[in-house]
Each structure stands twice: as structure tokens, then as C-alpha cells.
Amino acid sequence: MLSRIGFHNLRPRSSQMSFITHYYSTSENTVNIAEDSDAYDRDDFDTRHGPGGQGQSQTRRHQSKTNIHRHNEDPFREHIGTSRQSSSDSNSTRHVDSEIMAGLNLQPGSTVNGESRLRSRSDVDRRSKPPTFRYTPQALLSNPSFNKGTAFTEDEREKFNLTGVIPPVIESLEQQVARTQQQLDGFPVPLDKYIYLAALARNNETLFYATLLNDLKGCLPIVYTPTVGEACQKYAHILRGHQGLFIDAKHHKGKIDTILNNWPVDDVDIIVVTDGSRILGLGDLGVNGMGIPIGKLSLYVSAAGLHPARTLPITLDMGTNNQDNINDPLYIGRKEPRVGDEEFHATVDEFMSAVKQRWPDCLVQFEDFSTDHAFELLARHRERQLCFNDDIQGTAAVVLSGFIAATLQNGMDFKDHRCLFFGAGSAGVGVAELIVQYLQQQGLTAEEARQCFWLVDSKGLITSTRGDKLPAHKVGLQRHDVPADEQKTSLLEVVKYVKPTCMFGLSTQPGTFTEEICNLLASYSERPLIFPLSNPTSKAECTAEQAYKWTNGKCIFGAGSPFDPVELNGKTFLPGQANNLYIFPGLGLGSLVIGAKRVTDEMVMAASETLAKLVTKEEAELGMVYPNLDRIREISVSIASAVAETAVKQGLANPLEEGTMEDLMRANMYYPKYHPIQTDIAL
Ligand SMILES: NC(=O)c1ccc[n+]([C@@H]2O[C@H](COP(=O)([O-])OP(=O)(O)OC[C@H]3O[C@@H](n4cnc5c(N)ncnc54)[C@H](O)[C@@H]3O)[C@@H](O)[C@H]2O)c1
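Remember, predicted model here, so these are calculated numbers, not experimental data.

Looking at the ligand, there are 22 residues lining it, with R278, T371, A424, A578 and N580 nearest. Here an oxygen atom of the ligand and a backbone polar atom of A427 are 2.9 Å apart. Alone, the ligand offers 850 Å² of accessible surface; in the complex the protein occludes 79% of this. The leading source of residues in the shell around the ligand is helix α18 (residues 426-441), at three residues. Grouping the amino acids of the shell around the ligand by side-chain chemistry returns six nonpolar, 14 polar and two charged.

Below, the structure is given as C-alpha cells:
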């Protein structure tokens, strides 16, 4: 019987990644190996499963520790070996993967009776057996973790039979980037750029990230918002290859651990998971939302240097309530209504336990879950394992940072703020709750801090007296001081009633911060804070130009979307963008590298405070409340360090024994560059 020796932890992460050795053995071999079972680490090397791969190899469970260089290591590189015909032996002496050798307790080159033991096995009845499988140059070239394209060295071309298979020129990564940049620039349509970059990521990961870092500002709107939104809407139609894992709430129930075991990497550091129920502002896109975890993880890699091969995008298929998906013959998910709450939570519970079991130190980032689930999900899991929700906490952190930077700029005392939130969804409430906590850190009591907040939803000012049953996430910030017969329903009414010093728009309602409202804000305080945060740009509550103009240049402005500089009264203003990208990469890096047990609000606030302090004097003079994104890698180092220091202070991670936090973070960051493809076997 043919048995496939599975190198489960060796397979790279795409189905195209077939070059890592699959060595086929006979049943005789299987018996021999099994007899010899003590000689190998079954976790790494499992031969006891039949054809078809049933019963995945048990995974090696790493209790990883804070470790310099751990997170930027390529989880595959150390395992790379080769299996090829030796040019020096016409009798097909097989030189084998070092892991196979280790598994069989052999040393490279070890022999039995002067012959390779493996060779002697494969030579028995050789012709009645399937041919040995060896990876081909094409398979190596189609492995995005190892493919170097025209950058393979002369030696590697020789060693891996690549000579002639790729063009003769040997290029540097920089030369390759010049080509990809030129090709990228040649696509006039953003979605085509997205498709091109996605294909590049599946073809050559190093070149993909080098291209992104070559022009991060230019690539961001492609790999993430706004283009990723369109990509998700059309995901089933633009699908060329696949990345990440899909977990089906119905069909994978009770075996999510098996699905996770199908993932070939043992050292996954970070998972971004969605159920596609609220993709950006686009609603329920079902499993087409997979573009979001993929895009988000590419930002973790670009901005904070998490290793791409240690990231894992996951989409939970809970069904879809989007009729367009159901009607679409090409839809790639389950065409059934979304599961109910009980099944939803049971699925996420099972998923989270399976993650913890397989990758105990892995950080899970919840992404684009609908608001009705997002808060509960976070509350349910945040004390159990390392996780956070970027829509709630990442947004909150970046807005808090803008609030701190703006308050430092306008010289107000934090306790004197009157904060009006227009929009009380997951983003609005998440931001408000974090600012409440920050004000407490600044010395206010919980009650005093809550008194600084007024929240408005589609029914008006949120009060305990307006007569409706509030969802749990709004209860903590309802006002108790508005009589039942004095409810305020329009935003203008609320503004006149509250006289806010700062206004946050998270309502998805464009044009709602009117000229009259902005005029009023400018009359209530010297330098009002105006943050129209709804995305995309078309949803912003007002534009930067309107805010500056209608307050006669007095306001301190921050938006959810990018706005061009504004010229007013001979002065140039650079509108800040409250981009979550400032926060989540550093928050993730810091939590992972220090080995934090949880992501706490204190860690999130440390990220905000650090970011606010990174705004230079020159930037503040231009009206900026966020530092220049060009410095994102260093920003991530500072944030990660502050997050890690806080985790240590809270007793959630071990202190450093030597060196600085910054150095530790930098040492753990991945940079796209080519490494020699190593093999410890003489070829
Ligand atoms: N960093 C950022 O800039 C950032 C991050 C996250 C979300 N956002 C943006 O914030 C917005 C809200 O996101 P969310 O996840 O909280 O959405 P959500 O759907 O959960 O919440 C929207 C809120 O707006 C309220 N609302 C809707 N129509 C209204 C109306 N006519 N008048 C008053 N209130 C109204 C709703 O009642 C709800 O409270 C989105 O546009 C999103 O793009 C920005």
C-alpha cells in the first residue's frame, strides 16, 4: 500500500506550495518506520496515516517564549531540504531531506552496507512502485515563500535545477521592484492593481512586500480601503487562487481543530478572523469578506514586520443574509441564512479553543463582525486568550490618540471636555468607552468621566428616559439627566444643548456636520476638535475644507479618510487621518513579542498615548494630530515597546533580562529580503 509521509509542519501555506518534499514510501517502509518510531519525533514526522491524508499529523505544540529573533524567522526556512537525483550517482542514489534523515535517525550521507538506507528501501521492487516524487523547479518557483524569480543565485539555479527555467539575468530585489512598480503603475483601474498585487503575493511574497514598502502610501489604498472593499464585493468573481482558511459553521462543527491542523505552519503568530457580516461599511458580504483578513495581515507585515508566513487569514462561514450572494452562481460560500446567535457563539467558542490548542501564543484579531456580535465576542474571549477587536479597540485607540494630541495642542484640561458622539455603533461606543477610561487615568472618577459624554444614535440623544430598550453596549453611556419630555432628536438640537468642545462623527451619515453646527462649535471653544470619522470619504460627516472654512481655521481636524491639504487665509492645513494602521500593527507586535497573556485596555491606551507623543512640533503646527505615515515602521516600534512595557507592568509578561524593548521589537521585525535557500545536505 502506498503511504504518504506527511511533513505537515513543513508544507508552506498555499496549495501551490508543493515543492516541500512529499516522499512516497511503500507499506514496507511504513512498517519499518513505525517500528523505528522512537527514532523520530512523531510531531514533526508522521507516517501512520493512510492515503488521502486522513488523520493529519499531530502538530507540534510550541510553548513559545519571548525570544529575540523568533517572530521574524521564517517558519519554513529551517526545514527546507532537498530531494533530488544526485548528478554523481547514475544509480539514483537519493539525497534526502534533512528532516527525513532526522526522522529516520540518519545523518546526511549515512549509509547501510555502503548504500543509502533510503535508497536500499526504494530500490526493492522498484519498478512495481510509483516513481519517487521530487520537487521540480516549477514547484519551487510557484512557492511564494521561497520563490525569488530572477533573483535566484547562480548556485541556487544549479542546485535546484533552475538553470534555463528562468531568464538568464540575475537581478537584485531592487531591480525586481522597479519592474513590479512599473507594471503596477500601468494599471489605470485600482481593482486591477489589487488583482495584480494579490497574484504577486501568491507568486513571490518577498517581492510583494518589497513592492508594498517601496510605496506604502500608494499601495495602501489598493491592498486595503477603499479598493479592498470593491475587491470583497467582487471576490467570487476575481478569485484566481486562494489564501487562508475557510471554516464552515455547519459542516465543520466539532472538527474545527482538524481544519486548523490542515494549515501547514506550526508557528502561526497572528490570525485575523472575520465572519464577513459587516465588511467595512458594505454590510454582509459573507465569505467574500476574506479580502479583509488577507489585506489586514499584509498591513501587519508591512507596518510592523510580522513575518508573512506566520500570519493566517481566516473566514468563518456562518451563512449570508445578502441576497446578492445567494443569487450569485459564482458565490464561494454557503448559500444559507446566517446561523442564529447560539450557533454563532458555539462556532466561535470552538474556533477559539482550537486556536489555543494548536497555537497557544497566537494573537487573534476579530475583524468586521457585525456590531450585535462584536462587543459580546470581545467580552467573551478577551479574558481567556490573547485577542482584540480592531474595529472596537484599534479605532478607539487611534481616535483617543488624536484626542490626546489635539488636547495637548489646544491646551485644554482633559476634564473640561464636552464630547459629543454622533453615531453609537461599535466604533462610536468603543471610542467613547476608551476615552472614559483615559480620563479616569487622568484622575477623574468613573462618574465624572462619563459626565463628559453625550452619544447620539439614529433616534437622537441616548438617554435613560427616552423610552426605548437600549442594546447593552449603549447602556453605560446613556445620559440620566434629560427629562422624559425634553428628549433631543436632531443633531443641531443636541449641539445647542451640549455645547461640545469636540465632536466625533461615526454615523455613516455624510454632510451632517453642517456649516451651522461648525459655526456653533467655533463659538463654544477656542479650538474645537472636529473628527468626522465615517468612511469612506463619501460618508464623512464633513470635509476637511468645510471644517476649516466654517470654523475660520480654528478647528483641530481629524478624519477617518484621507483629505488633501487645505489652504485658508494664507495658511496650509494638513488634515490628519485617524487610520487604525497607526495602532494595530504595533499593538500586535508588542503583545506577541513580549508574550503577553492578554490585550488589556491599559495596553491599548499606552499605544494611543505613545502615538500622540510622536507628533512633532512641526507636524502640530501644520494642524496634524497624527505623525507622518512614512515613519510607520518606527511608529510601530515605539507603540509595540510601550504596549510590551505595559504588559510587563501589569504582570502579563516577563520583564526583559537585557537590552531595550525597542531593540527587542526591531530584532523581531521581518524585512522583505531574499535569504539563501539552505540545505545542510551536500548535493
Ligand atoms: N479609524 C476610523 O476612522 C474608523 C474606524 C472604524 C469605523 N469607522 C467608521 O465609523 C462609521 C461607523 O462604524 P460602526 O462600525 O460603528 O458602524 P455601526 O453601523 O455599528 O454604527 C453606526 C451608528 O450610526 C448611527 N446612525 C446611523 N444613522 C444615523 C442617523 N441618521 N443619525 C444618527 N445616527 C445614525 C447608528 O444608530 C449607529 O449607532 C463607519 O463609517 C466606519 O467606516 C472609522
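Moving on from the coordinates now.
This part takes up the nonpolar core. Ranked by internal contacts, the top residues of the largest apolar core, which has 117 residues, are Y194, L197, F403, F421, F453 and F504. Broken down by element, the residue count for this core peaks at nine residues, all from helix α17 (residues 390-410). Other than its neighbours up to four places away in sequence, F421 contacts G428, V431, A432, I435, F453, W454, L455, V456, F504 and L506. Among the nonpolar cores identified, the runner-up in size contains 32 residues, and M318, V348, V364 and L378 belong to it.

It is worth spelling out the pairing of strand β13 (residues 453-457) at this point. Across the five residues of β13, five count as buried, placing the element largely inside the fold. Of the two faces of β13, the one carrying F453, L455 and D457 and the one carrying W454 and V456 are both buried. One ladder, built from four bridges, connects strand β12 (residues 419-422) with β13; its direction is parallel. Looking at the pairing, F422 lines up with V456 of β13. Inspection of the sheet shows β13 paired to strand β14 (residues 460-461) by two bridges, in the antiparallel sense. Note that in β14 the partner of V456 across the bridge is L461.

UniProt marks residues 392-648 with the feature "domain: Malic enzyme NAD-binding" (unreviewed entry), using the numbering shown here. For residues 392-648, the helix share is 45%, the strand share is 12%, and the end-to-end C-alpha distance is 23 Å.

Turning to the sheet that holds strand β11 (residues 387-389), a few remarks are in order. Strands belonging to one sheet form pairs held by backbone hydrogen bonds; the direction of such a pair is parallel or antiparallel. Read from one edge to the other, the open sheet built from five strands follows the order β7-β9-β8-β10-β11, with strand pairing classed as parallel. Across the chains shown, the open sheet's two edge strands, defined by having one partner strand only, are β7 (245-248) and β11. Geometrically, the sheet is characterised by an average inter-axis angle of 25° between neighbouring strands, direction not taken into account. Relative to strand β9 (residues 311-317), β7 is paired through four bridges, and the arrangement is parallel. By the bridge assignment, I247 is partnered in β9 with L316. Relative to the sheet, helix α13 (residues 291-304) contacts β8 (270-274), β9, β10 (363-366) and β11, its axis offset from that of β9 by approximately 160°.

Per the UniProt record, "domain: Malic enzyme N-terminal" (unreviewed entry) is found at residues 201-382. End-to-end, the C-alpha atoms of residues 201-382 are 32 Å apart, and along that stretch the chain is 47% helix and 11% strand.

Note on aromatic pairs: each is described by the distance of the centres and the angle between the planes. Per the stated rule, a full pass over the model turns up 17 aromatic pairs. Seen in terms of ring centroids, Y548 and F557 are 5.7 Å apart; in terms of plane orientation they differ by 45°. Their pairing is tilted. We note that Y548, like F557, is buried. Every member of this aromatic cluster is reached through a ring pair, and the members are F403, F414, F421, Y438, F453, F504 and F531. One Lys or Arg, K488, reaches over the ring of Y497 and ends 4.8 Å from the middle of that ring. Its guanidinium or amino end placed over the ring of Y671, R633 lies 4.4 Å from that ring's centre, counting from NZ or CZ.

Enumeration according to the criterion identifies six cavities of 30 Å³ or more in this entry. Lining the largest cavity are 24 residues, with Y194, A198, A201, Q243 and I294 positioned closest to its centre. If you list the elements that add at least two residues to the lining of the largest cavity, you get α7 (190-203), α8 (205-214), α11 (235-238), α13 and β9. For the lining of the largest cavity, the element with the most residues is α7, which contributes six residues. Residue classes in the lining of the largest cavity are distributed as 14 nonpolar, six polar and four charged.

A separate point is the sheet that holds strand β17 (residues 556-559). Strand order in the open sheet formed by seven strands is β14-β13-β12-β15-β16-β17-β20, with mixed pairing between adjacent strands. Two strands close off the open sheet at either side, each with one partner strand: β14 and β20 (576-577). Judged from the four bridges that link them, strand β15 (residues 502-505) and strand β16 (residues 529-532) form a sheet pairing that is parallel. Bridge pairing links G505 to P532 in β16. Contacts from α17 reach β12, β15, β16 and β17, with the element oriented near 160° to β16. Packing against the sheet, α18 makes contact with β12, β13 and β15, and its axis sits at approximately 175° to β13.

On to unusual backbone geometry, then. Each neighbour pair has its own omega, and for T225 with P226 the value is 5°, a cis peptide bond. Inspection of the secondary structure puts P226 in the loop between α9 (216-223) and α10 (227-233). Even without a glycine there, the phi angle at D368 is positive, about 55°. On the secondary structure map, D368 appears in the loop between β10 and α16 (371-381). The class of D368 is buried, set by a relative accessible area of 1%. Phi at N552 takes a positive value of approximately 55°, unusual for a residue other than glycine. Structurally, the position occupied by N552 is in the loop between α23 (544-550) and β17. Its relative accessible area of 53% is what places N552 among the exposed residues.

Let us look at the environment of A578. When you line up the elements, A578 lands in the loop between β20 and α24 (584-594). As a C-alpha pair, A578 and P483 span 95 residues in sequence and 35 Å in three-dimensional space. Excluding its chain neighbours within four sequence positions, the residues that come into contact with A578 are V398, V399, L533, A559 and Y626.

Calculation notes
- Counting starts from 1 at the beginning of each chain's written sequence and moves along it residue by residue.
- Predicted model: local features are reported for residues with pLDDT of at least 70 only, side-chain atom pairs are reported and counted for 80 or more only, and whole-chain, interface and lining totals are derived from all residues.
- Derived side-chain values reflect all non-hydrogen atoms in the structure, with water molecules and hydrogen atoms excluded from consideration.
- A molecule or strand has a residue near it when one of that residue's heavy atoms lies within 4 Å.
- Under this definition, polar contacts are N or O atom pairs within 3.5 Å; protein pairs additionally need one hydrogen-donor-capable and one acceptor-capable atom, and for neighbouring residues in sequence, both atoms have to be side-chain atoms.
- Each accessible area is a Shrake-Rupley estimate made with a 1.4 Å probe; only the visible protein chains count as cover when residues are assessed.
- Numbering of helices and strands runs from the N terminus, with a helix taken as a DSSP run of H or I at least four residues long and a strand as a DSSP run of E at least two residues long.
- Classes in brief: Ala, Val, Leu, Ile, Met, Phe, Trp, Tyr, Cys and Pro nonpolar; Asp, Glu, Lys and Arg charged; the others, Gly included, polar.
- Here, nonpolar core means buried Ala, Val, Leu, Ile, Met, Phe, Trp, Tyr and Cys residues that are tied together by side-chain atoms lying within 4.5 Å of each other.
- Relative accessibility thresholds used throughout: buried, under 20% of the residue-type maximum; exposed, over 50%; partly exposed, between the two (1.4 Å probe, protein chains only).
- The criterion used for residue contact is that any of the two residues' heavy atoms lie within 4.5 Å.
- DSSP-based pairing: two strands are paired if at least 2 bridges between them are found.
- UniProt positions are given in the numbering used here, feature names are shortened, and annotations may be inferred rather than shown by experiment.
- Each axis is a line fitted through C-alpha atoms, and for a helix only the stretch in contact is used; angles between axes span 0 to 180 degrees, taken between their N-to-C directions.
- Stacked, tilted and edge-to-face pairs are distinguished by plane angle, under 30 degrees for stacked and over 60 for edge-to-face with tilted covering the rest, among Phe, Tyr and Trp rings (Trp via its six-membered ring) whose centres lie within 6.5 Å.
- When the NZ atom of lysine or the CZ atom of arginine is within 6 Å of a ring's centre and also within 35 degrees of its normal, the charge is said to sit over that ring.
- Definitions used for this entry: grid spacing 1 Å over protein atoms alone; cavity, a set of points where a 1.4 Å probe fits but cannot get out; pocket, an open set with protein on both sides within 12 Å along at least 5 of 7 lines; lining residue, one with an atom within 4 Å of a point.
- Grid points are joined across faces, edges and corners, and a volume is the space filled by probe spheres set on the points.

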